[in-house]
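Chain by chain, the residues run as shown.
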Amino acid sequence: MESVKLNNGVEMPLVGLGTFKVRGYEVVCRTLDAALGHGYRSFDTAAVYQNERDVGRALKELLPKHGLSRQDVVITSKLGPKSHGEEAEAEAGCLQSLEALDCEYVDLYLIHWPGKQGWRSGDERNPAWRQRSWEAMESLYRNGTFRAIGVSNYTAGHMRELLAKCHVRPAVLQVEYHPHLVQSELLAFCLANGIHLQAYSSLGTGRLLAEPTVKGLADSYGKTPAQVLLRWALQQGIGVIPKSTDPEHIAENAQLFDFRLAEEDVEALNGLHSDTRYCWDPRHVA
Ligand code: NDP
């Protein structure tokens, strides 16, 4: 599995397993077992997925079976939007993740969403509150609780504001990114500022798999549509975290390093951009 060195030196596999909607201990355990067997060493969870406890427990049980220890895997989790608030509130949210995962440290911890849960997107208190959350995460980064910190669902505007105020630069920005949502401005911003861009919903939550251009390219390379979509991201230096509970899909989604898309095929996929979001739209968060 190839990896990227984050701006603080931490190594992050370019392919990880997404776990949104992977719920219940049996399912989580079976899924992570298949993923570890197929070479995954990075797992993406979040407080709002309500599966941190199961992910942590499953890894504890499975790592020895695969001849691995805690430091061989990268665990990403995220601060839920309800935890933006006074510094103590954000810190409590961070520590709850740690407790649920039953880990001494988390490799990468992200602010999940730039706004506070329950507030209108345009609420002018949002910038100050997410800044307090960032400061709480900076403290936990400094004392080694988090090996790296970053953000998710931030726009270029949110990023500029964060970079102007932060003491620890974000290592990762995780956003929706696929051929229907080619966020070129954000990608260029991240590249210019040494921030690793990680894509979520690379398969368009599954809806891009039947896209005719994607299918055509899959046929011509002898690969699957999922592999074409994931490879397209990797070739631009973007990390991916496809979600699957199907062992065949899990295997397929990790076999991405034995082919390369021609430049004109990358461009053909870029040309599918339609500004379509299959998840959330953070552009209106003040
Ligand atoms: P994806 O784009 O990864 O698509 C997942 C869907 O595609 C599932 O229905 C899965 O079904 C199917 N699938 C996966 N692989 C294949 C394959 N090889 N062939 C056919 N179908 C396939 O969607 P997600 O939205 O789940 O995004 C991935 C991860 O990103 C999440 O799990 C989560 O960890 C993270 N995320 C982060 C967000 C954020 O706000 N920061 C928001 C959304 C996601 P099956 O299980 O049957 O294979």
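The structure this text deals with has already been given above.
Cut-off values and rules
- Residues numbered from 1 in each chain as written.
- Predicted model: local features only at pLDDT ≥ 70, side-chain atom pairs only at ≥ 80, totals over all residues.
- Heavy atoms only, no water.
- Core = buried A, V, L, I, M, F, W, Y, C linked by side-chain atoms within 4.5 Å.
- Buried < 20%, exposed > 50% of the residue type's maximum accessible area, 1.4 Å probe, protein only.
- Contact = heavy atoms within 4.5 Å.
- Near = heavy atom within 4 Å.
- Polar contact = N/O pair within 3.5 Å; in protein donor to acceptor, adjacent residues only side chain to side chain.
- 1 Å grid on protein atoms, 1.4 Å probe; cavity = no way out; pocket = protein on both sides within 12 Å on 5 of 7 lines; lining within 4 Å.
- Sits in = over half its atoms within 2 Å of the grid points.
- Nonpolar A, V, L, I, M, F, W, Y, C, P; charged D, E, K, R; others polar.
- Helix = DSSP H or I, 4+ residues; strand = E, 2+ residues; numbered from the N terminus.
- Axes fitted to C-alpha atoms, helices over the stretch in contact; angles between N-to-C directions.
- Parallel < 35°, antiparallel > 145°, perpendicular 65-115°, else oblique.
- Left-handed = near helix turned anticlockwise from the far one by under 90°.
- Points joined across faces, edges and corners; volume = space filled by probe spheres on them.

(A) Highlighting the nonpolar core. Ranked by size, the top nonpolar core spans 77 residues in total, and within it L32, F43, M137, F146, L173 and L197 carry the most contacts. For L197, the contacting residues outside a window of four places in its chain are L173, V175, Y177, L186, L187, C190, G237, I238 and G239. Within the second largest apolar cluster, 9 residues are counted, among which are L6, V10, M12 and V74.

(B) Spatial organisation of the site of the ligand. Not every one of the 30 residues close to the ligand is listed here, only the nearest: D44, S152, Q174, S244 and H249. In this structure, K243 approaches the ligand through a side-chain N or O atom, which is 2.9 Å from an oxygen atom. Counting atoms within 2 Å of the grid points, the majority share of the ligand lands in the largest pocket. In terms of residue class, the shell around the ligand is built from 10 nonpolar, 15 polar and 5 charged.

(C) Here's a closer look at helix α8 (residues 225-234). Of all 10 residues that make up α8, 9 are buried, and the element is covered over most of its length. Turning to α8, its buried residues number three or more, namely A226, Q227, V228, L229, L230, R231, W232, A233 and L234.

(D) Seen up close, the packing of helix α7 (residues 212-221) against α8. Here α7 crosses α8 at 100°, and the two axes come no closer than 8 Å. With respect to each other, α7 and α8 are oriented roughly perpendicular. Touching V214, K215, L217 and A218 of α7 are P225, V228 and L229, all from α8. Split by residue class, the contact of α7 with α8 holds 6 nonpolar, no polar and 1 charged.

(E) Representation of the environment of T76 within the structure. By the element assignment, T76 lies in strand β5 (residues 74-79). C-alpha of T76 to C-alpha of I149: the two residues are 73 residues apart in sequence and 9.4 Å apart in space. Those residues in contact with T76 that lie beyond four places of it in its chain are M12, F43, D44, T45, L108 and L110.

(F) Expanded view of the packing of helix α4 (residues 126-142) against helix α5 (residues 156-165). Packing of α4 against α5 brings their axes to within 11 Å, and their N-to-C directions diverge by 55°. Looking at the two axes, α4 sits oblique to α5. Where α4 crosses over α5, the two elements pack in a sense that is right-handed. Residues P127, R130, Q131 and W134 of α4 form the contact with α5, whose own contacting residues are H158, E161, L162 and K165. When its residues are assigned to classes, the contact of α4 with α5 shows 3 nonpolar, 2 polar and 3 charged.

(G) Just empty space enclosed by the protein, in detail. Inspection of every chain in the model, using the stated rule, returns 1 cavity of 30 Å³ or more. Considered as a void within the structure, the largest cavity measures approximately 30 Å³ in volume. Considering the residues around the largest cavity, the lining is formed by R130, Q131, W134, Y154, E161 and L162. Where the lining of the largest cavity is concerned, the elements lending two or more residues are α4 and α5. Tallying contributions element by element places α4 first for the lining of the largest cavity, with 3 residues.

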